[in-house]
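So the chains spell out like this:
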Amino acid sequence: MTQASMTTSAAQAMIAMERVEKWYGAFQALHDINLSVRAGEKIVLCGPSGSGKSTLIRCINHLEAYQKGEIRVGGTVLGHESKTIDAVRREVGMVFQQFNLFPHLTILENCTLAPIRSLGLSKAEAQGRARKLLERVKIAEQAEKYPAQLSGGQQQRVAIARALCMQPKVMLFDEPTSALDPEMVKEVLDTMITLAEEGMTMICVTHEMGFARQVADRVIFMASGAIVEEAPPAEFFTNPRHERTRKFLGEILGRH
Amino acid sequence: MGPDEYLFLLAGLKWTVALSAIGFFFGGIAGLLVALARTSELRVVERITAGYIGVFQGTPLLMQLFVVYYGLALIGLKLDAWVAVSIGLTLHASAYLGEIWRGAIEAVPKGQTEAAKALSLNYTSRMRDVVLPQAFRISLPATIGFLVQLIKGTSLAAIVGFTELTRAGNMISNQIFQPLLVFGIVGALYFIMCCPLTLYGAHLERKFAKSAR
Ligand SMILES: Nc1ncnc2c1ncn2[C@@H]1O[C@H](COP(=O)(O)OP(=O)(O)OP(=O)(O)O)[C@@H](O)[C@H]1O
Ligand SMILES: [Mg+2]
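First, a word on scope: everything that follows refers to the structure included in this document. (Residues numbered from 1 in each chain as written. Chains lettered and ligands numbered in written order. Predicted model: local features only at pLDDT ≥ 70, side-chain atom pairs only at ≥ 80, totals over all residues. Heavy atoms only, no water.)

Further remarks concern the interface of chain B and chain A. One frequently used descriptor of interface size is the decrease in accessible area upon assembly of the parts. Taken together, the 17 residues of chain B in the interface contact 23 residues of chain A. Our count for the contact surface shared by chain B and chain A stands at two salt bridges. A salt bridge links R117 of chain A to D129 of chain B, with the nearest nitrogen and oxygen atoms 2.6 Å apart. Joining chain B to chain A, the criterion identifies seven residue pairs in polar contact (both at pLDDT 80 or more). Of all the elements, helix α5 (residues 110-118) of chain B adds the most residues to the side of chain B that touches chain A, at seven residues. Residues belonging to the side of chain B that touches chain A are distributed by class as follows: seven nonpolar, five polar and five charged. (Contact = heavy atoms within 4.5 Å. Salt bridge = Lys/Arg side-chain N within 4 Å of Asp/Glu carboxyl O. Polar contact = N/O pair within 3.5 Å; in protein donor to acceptor, adjacent residues only side chain to side chain. Helix = DSSP H or I, 4+ residues; strand = E, 2+ residues; numbered from the N terminus. Nonpolar A, V, L, I, M, F, W, Y, C, P; charged D, E, K, R; others polar.)

This is the structure:
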């Protein structure tokens, strides 16, 4: 990233998606997505099942290829060649619904693998960094254990620490609490709230509306592969403009 | 059966072990490449390796050894019997192990590769550090099962005139006219090699079934 490229306002966006379209075969999963996320901004993405939330955030780190439009992360235009994909992935951490920890590696090894292999840190440096971050997600005592020995909530906090070990500029969360037992949801949300307070740029797919109210700068509602509505949480929850948003909120808030 | 006969059988046994080891070692290396090619997501490469696997799984090992030994000799490439057999066993093993390991690689949950990609690990690291160690565990029982098949399969090397355990037994039995005794001993020797492997494979299978919850 050059200084010159930081002068235009568009380049200041941490993430910029412009007219992005994505197809799975003949099925169009994303329609004309335009989204700009400033550094430090927290976005909550919600919408009914199948609306394209996962697809959208998975395009940002190229777990899914997009066919039209442009995505920029930091100053880098995300192309389809491995050079820019790797560059973007080094800046973007991701946390999955199913944790996806590496079961054959210890917690500490889970956290040091990518910094060693991808950033070229020494083992000692990577371990130092990992232990600090495991401390921060309050799981330092478990460093030598294997993922299967931890509870779901602990595993998800490890997954967050593992992503943070790459010192990403952006964190993507895809329903990080959906696979958890109810009593473990809070510990993961608290970790995410702390991260938000420290200024991390975050895009969170979640239906935890309490979390959205507390940390989101903007809530984005998707339906049928398109962004239907976006607003600050106060406005989004009290005064949704679109019928589909109202219906969705009725369903999701009625459940709780 | 005197000591000479026993020594002759042991010399044959030595070759059986050596052929198995060669086939498993080189077949393992080639099989890993086959498995990686088969899961490369490159259409052409996947098709070619699928054909390779199909040919070697679809024809008898006996015929493969035959082709390598006599077939290559016909076109002027005269190989030592043990070289020909080693090549034949390696090709054979690479196809079977390649297919076993392809299945194991595909059995590793997709989320593992996705998490590794999201951490910006490159292909080499994704395979070496994340996918293959898990695939290896998954494939161990089947891999051991194949090793047992391979040990027994080396007996087919006899048809190209190679004196491994089975042929050594055959020769002695023709000399001393006690086929029941000789082949009893030969069978016991195969059993001693294969049975511990079979038991170990079964043990691993039970262990993994338990840990899979
Ligand atoms: N690999 C795929 N191949 C084909 N279609 C897919 C694939 N992945 C997703 N889709 C389709 O794309 C659409 C959007 O899926 P996506 O997973 O992004 O939705 P989502 O909003 O995350 O839903 P959920 O809340 O259930 O996670 C769905 O209709 C889905 O069936
Ligand atoms: Mg989803």
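To continue, consider the nonpolar core. All names here are of chain A. By size, the foremost hydrophobic cluster in this structure holds 67 residues, and its most contacted members are M17 and L56. For L56, the contacting residues outside a window of four places in its chain are M17, L30, I33, L35, L45 and M222. The next biggest cluster of nonpolar side chains, apart from the first, holds 50 residues, and it includes C111, L189, F237 and I252. (Core = buried A, V, L, I, M, F, W, Y, C linked by side-chain atoms within 4.5 Å. Buried < 20%, exposed > 50% of the residue type's maximum accessible area, 1.4 Å probe, protein only.)

Moving on, we come to the side chain of T106 of chain A. Tracing the chain through its elements places T106 of chain A in the loop between β6 (92-95) and α3 (107-119). Other than its neighbours up to four places away in sequence, T106 of chain A contacts A143, E144, K145 and Y146 of chain A.

Time to look at the site of ligand 1. All names here are of chain A. Lining the immediate environment of ligand 1, one finds Y24, F27, A29, P48, S49, G50, S51, G52, K53, S54, T55 and E175. One nitrogen or oxygen atom from the side chain of S49 is found 2.6 Å from an oxygen atom belonging to ligand 1. The side chain of T55 places a nitrogen or oxygen atom 2.5 Å from an oxygen atom of ligand 1. Considered on its own, ligand 1 offers 630 Å² of accessible surface; in the complex 59% of this is hidden by protein. Those elements giving two or more residues to the shell around ligand 1 turn out to be β2 (27-38) and α1 (53-60). The dominant element in the shell around ligand 1, judged by the number of residues it contributes, is α1, at three residues. Split by residue class, the shell around ligand 1 holds four nonpolar, six polar and two charged. (Near = heavy atom within 4 Å. Areas by Shrake-Rupley, 256 points an atom, 1.4 Å probe, with all protein chains shown as cover.)

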